[in-house]
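This is what each chain is made of:
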Amino acid sequence: MQRTSDTFSIPQNVKIDSIEHRDNMVEIKWSDKHTGLYSYAWLHAHSQDMSSIEGTKSVPYPQSAMRPPRRKFTPVVDPDQTPRVKYDDVMSDDESLHIWLTHIWDQGFCFVDDVPVSPEATQILIERIAFIRNTHYGGFWDFTADLTFKDTAYTNEFLGAHTDNTYFTDPARLQLFHLLSHTEGSGGENLLVDGFAAAAQLRLEKPEHYAQLVNHRHPWHASGNEDTCIQPSAMAPVFSMHPDLNKMYQIRWNNYDRAPKTNWSASEQTIWYRAARHYNEILKSREIWTKLKPGSALMFDNWRMLHGRSQFTGKRRMCGGYVNNDDYISRLRLLKFGRKEVLDNLGNVGNNPQNPYWFI
Ligand SMILES: C[N+](C)(C)CCCC[C@H](N)C(=O)O
Ligand SMILES: O=C(O)CCC(=O)C(=O)O
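This text gives an overview of the structure that appears in the document.

What counts as what
Residues numbered from 1 in each chain as written. Chains lettered and ligands numbered in written order. Predicted model: local features only at pLDDT ≥ 70, side-chain atom pairs only at ≥ 80, totals over all residues. Heavy atoms only, no water. Pairing = 2+ DSSP bridges. Helix = DSSP H or I, 4+ residues; strand = E, 2+ residues; numbered from the N terminus. Axes fitted to C-alpha atoms, helices over the stretch in contact; angles between N-to-C directions. Contact = heavy atoms within 4.5 Å. Buried < 20%, exposed > 50% of the residue type's maximum accessible area, 1.4 Å probe, protein only. Parallel < 35°, antiparallel > 145°, perpendicular 65-115°, else oblique. Left-handed = near helix turned anticlockwise from the far one by under 90°. Near = heavy atom within 4 Å. Polar contact = N/O pair within 3.5 Å; in protein donor to acceptor, adjacent residues only side chain to side chain. Areas by Shrake-Rupley, 256 points an atom, 1.4 Å probe, with all protein chains shown as cover. Nonpolar A, V, L, I, M, F, W, Y, C, P; charged D, E, K, R; others polar.

This brings us to the sheet that holds strand S1 (residues 16-22). Read from one edge of the open sheet, three strands run S1-S2-S3, paired in antiparallel fashion. Each edge of the open sheet is held by one strand with a lone partner, namely S1 and strand S3 (35-39). The mean inter-strand angle of the sheet, taken between neighbouring strand axes irrespective of direction, is 20°. Looking at chain direction, S1 and strand S2 (residues 25-30) are connected through six bridges and run antiparallel. When the sheet's bridge partners are listed, Glu20 is paired in S2 with Glu27.

This is the structure in structure tokens:
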């Protein structure tokens, strides 16, 4: 039930070549030579009195789209400059834990080296931060390409840059991967890309495209397994702006799990997809690829960093887990400011790094 075609491989100016009515559905041959089958029921559910494609409704720019990004960050662009900490340090003292979390907050990710190559050691590493987020995939996961769940992650296929959990009202904030083994095959490299840095580039290149990805909210879903159809409580945009701090704080970007939106006109769709295609090109240009190794775990911010994987062959075993935003940020703020400072600033919405609340 996930979208498997790459939306952005379809040309922006794609047109209908032919329409053929069949039993309960319509077969459309498109100008880029792909064919679509659309049931009458689906078309009806997604139809509306489309305004003409000519003319475009102006989409109000959010003020923040016009300002330079508030939060200075230095995206890591060279795989050799990746932030790293040591397992024994993180496991033994809070200052090292604080350093690990600060790297993740500042740069979006951080490796942990010298991790014993076992699920058990990996699980307690994640639990140094907080309890593991349970989902319909379970809590701590130890997975291979065996379609335990009907999701592309449980295959050996290529996975384009995406954030996880776009279908949850509250997507997990942290995600850890630890490759336990990969034998009798090749491929399976991982990609990371700094979605905030890519968004800042989009805003500088074309603020109106940035505004599109802030203003339009989409339905997302996870429906692969028969007993599951998970959607967030409200549609959500690609770029979420913080209501108090007026800065981007969360990205939802997952072409597999974005569901078809119905409450917009044809012209709005055309403009949004042009913006999304622009962002997609920037993301591709900023991808960092690396082959994970047993013993080095990767923890990253799933609200900022997109991740993906190249196709692979052979037997590949990966373990890891999610951590909730609120539990991660609680740990980070308490380590950084101490309990008294945090409690003294619970309602402080001051936009400065001296304010614990600013660390979101
Ligand atoms: C649990 N584990 C990480 C192995 C896979 C989860 C699947 C993630 C899903 N495709 C999403 O994008 O949220
Ligand atoms: O298998 C991997 O390396 C990554 C899988 C993935 O992207 C995911 O689980 O969201």
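As a further point, take the sheet that holds strand S8 (residues 174-183). Pairing within the open sheet is mixed, and its six strands lie in the order S4-S5-S15-S8-S17-S6. Among the strands making up the open sheet, the edge pair consists of strand S4 (84-86) and strand S6 (141-143). Along the sheet, successive strands turn relative to each other by an average axial angle of 25°, direction set aside. The strands touched by helix H5 (residues 119-127) within the sheet are strand S5 (109-113), S6, S8, strand S15 (297-301) and strand S17 (315-323), with S17 carrying the most contacts at an inclination of about 20°.

Here we come to unusual backbone geometry. The backbone phi angle of Asn24 is positive, close to 55°, even though this residue is not glycine. Structurally, Asn24 can be placed in the loop between S1 and S2. Although it is not a glycine, Asn165 adopts a positive phi angle of roughly 65°. With respect to the element layout, Asn165 can be found in the loop between strand S7 (159-162) and S8. Judged by relative accessible area, which is 0%, Asn165 ranks as buried.

Direction vectors running N to C along helix H6 (residues 195-205) and helix H8 (residues 266-285) enclose 125°, while the axes themselves pass 9 Å from each other. Between H6 and H8, the crossing angle belongs to the class labelled oblique. Crossing of H6 against H8: the hand is right-handed. Across from Gly195, Ala198, Ala199, Gln201, Leu202 and Glu205 in H6, the residues of H8 making contact are Ala275, His278, Tyr279, Ile282 and Leu283.

If you check the shell around ligand 1, you find 16 residues, and the closest are Asp151, Asp164, Asn165, Tyr167 and Asn254. In the model, an oxygen atom of ligand 1 is placed 3.2 Å from a nitrogen or oxygen of the Asp164 side chain. Between ligand 1 and Asp257, the relevant distance is 3.4 Å, taken from an oxygen atom to a side-chain nitrogen or oxygen of the residue. Isolated, ligand 1 exposes 380 Å² of accessible area, and the fraction of that covered by the protein chains is 97%.

Let us now look at the site of ligand 2. Around ligand 2, the surrounding shell consists of Phe143, Ala153, Leu159, His162, Asp164, Phe177, Asn190, His307, Arg309, Arg316 and Met318. The side chain of Arg309 places a nitrogen or oxygen atom 2.9 Å from an oxygen atom of ligand 2. Coverage of ligand 2 by the protein amounts to 94% of the 300 Å² it exposes when considered alone. Among the secondary structure elements, those contributing two or more residues to the shell around ligand 2 are S7, strand S16 (305-309) and S17. Partitioning the shell around ligand 2 into residue classes produces five nonpolar, three polar and three charged.

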